[in-house]
Amino acid sequence: MIPFALRYGNLEMSNLSAVAIALTGVVSIVFFVVASLNTDTKGLIDSSVEKFDDD
């Protein structure tokens, strides 16, 4: 079996390192998307509640 490795210039890393870096990137993107959606939803709910309170 041929060992696969990701090569970028002089940098060479194993599959495990490449997968770990990719997984970290995906997790951080998902976290920021969920956090921004949660913040937007909270802002919309707060603004609609304020409009109903004024009546």
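Everything in this summary refers to the structure shown in the same document. Note that the structure is a prediction, hence the values are computed from the model and not measured. Every chain's residues receive numbers from 1 upward, in the order its sequence appears when written. Local features are withheld for residues below a pLDDT of 70 in this predicted model, meaning they are given only at 70 or higher, and side-chain atom pairs are given and counted only at 80 or more; totals for whole chains, interfaces and linings count all residues. Excluded from the side-chain calculation are hydrogens and water; included are all heavy atoms of the structure.

**A closer look at the overall build of the protein chain**
Point 1. We count a stretch as a helix when DSSP gives it H or I for four or more residues in a row; a strand needs E for two or more, and each element gets its number in order from the N terminus. A count of helices and strands for the protein chain gives one helix and two strands.
Point 2. The order of helices and strands in the protein chain, counted from the N terminus, is β-β-α.
Point 3. Per-residue accessibility takes into account occlusion by the displayed protein chains alone, with areas from the Shrake-Rupley method and a 1.4 Å probe. Approximately 5,300 Å² of the protein chain is accessible, and the part contributed by carbon and sulfur atoms is 69%.

**Considering a nonpolar patch on the surface**
Point 1. Only residues whose relative accessible area exceeds 30% and that form no salt bridge enter a patch; like-charged residues are grouped when within 9 Å of one another, and nonpolar side chains (Val, Leu, Ile, Met, Phe, Trp, Tyr) when within 5 Å. Salt bridges are counted wherever a side-chain nitrogen of Lys or Arg sits within 4 Å of a carboxyl oxygen of Asp or Glu. Nonpolar side chains collect at one region of the surface, where Val26, Val30 and Val34 lie side by side and expose about 250 Å² of accessible area between them.
Point 2. Among the secondary structure elements, Val30 is positioned in helix H1 (residues 15-54).

**Description of the packing of aromatic side chains**
Point 1. Planes of paired rings set the category: under 30 degrees apart is stacked, over 60 is edge-to-face and the rest tilted, where pairs are Phe, Tyr or Trp rings (Trp by its six-membered ring) whose centres lie within 6.5 Å. Tallied over the entire structure, the rule returns one aromatic pair.
Point 2. Between Phe31 and Phe32 the ring centres are 5.5 Å apart and the planes differ by 70°, which places this aromatic pair in the edge-to-face class. Phe32 carries the same exposure label as Phe31, and that label is exposed. To sort residues, take the accessible area from a 1.4 Å probe on protein chains only and compare it with the maximum for the residue type: under 20% means buried, over 50% means exposed, and anything in between is partly exposed.

**Focus: the environment of Ser36**
Point 1. As for its position among the elements, Ser36 is in helix H1.
Point 2. When its relative accessible area of 35% is taken as the criterion, Ser36 is described as partly exposed.
Point 3. Separated by 2.9 Å, the side chain of Ser36 and the backbone oxygen of Val33 make a polar contact. Any pair of nitrogen or oxygen atoms within 3.5 Å is treated as a polar contact; in protein, a donor-acceptor pairing is required on top of that, and neighbouring residues in sequence qualify only through side-chain atoms on both sides.

Read these as spatial facts, not as claims about activity.
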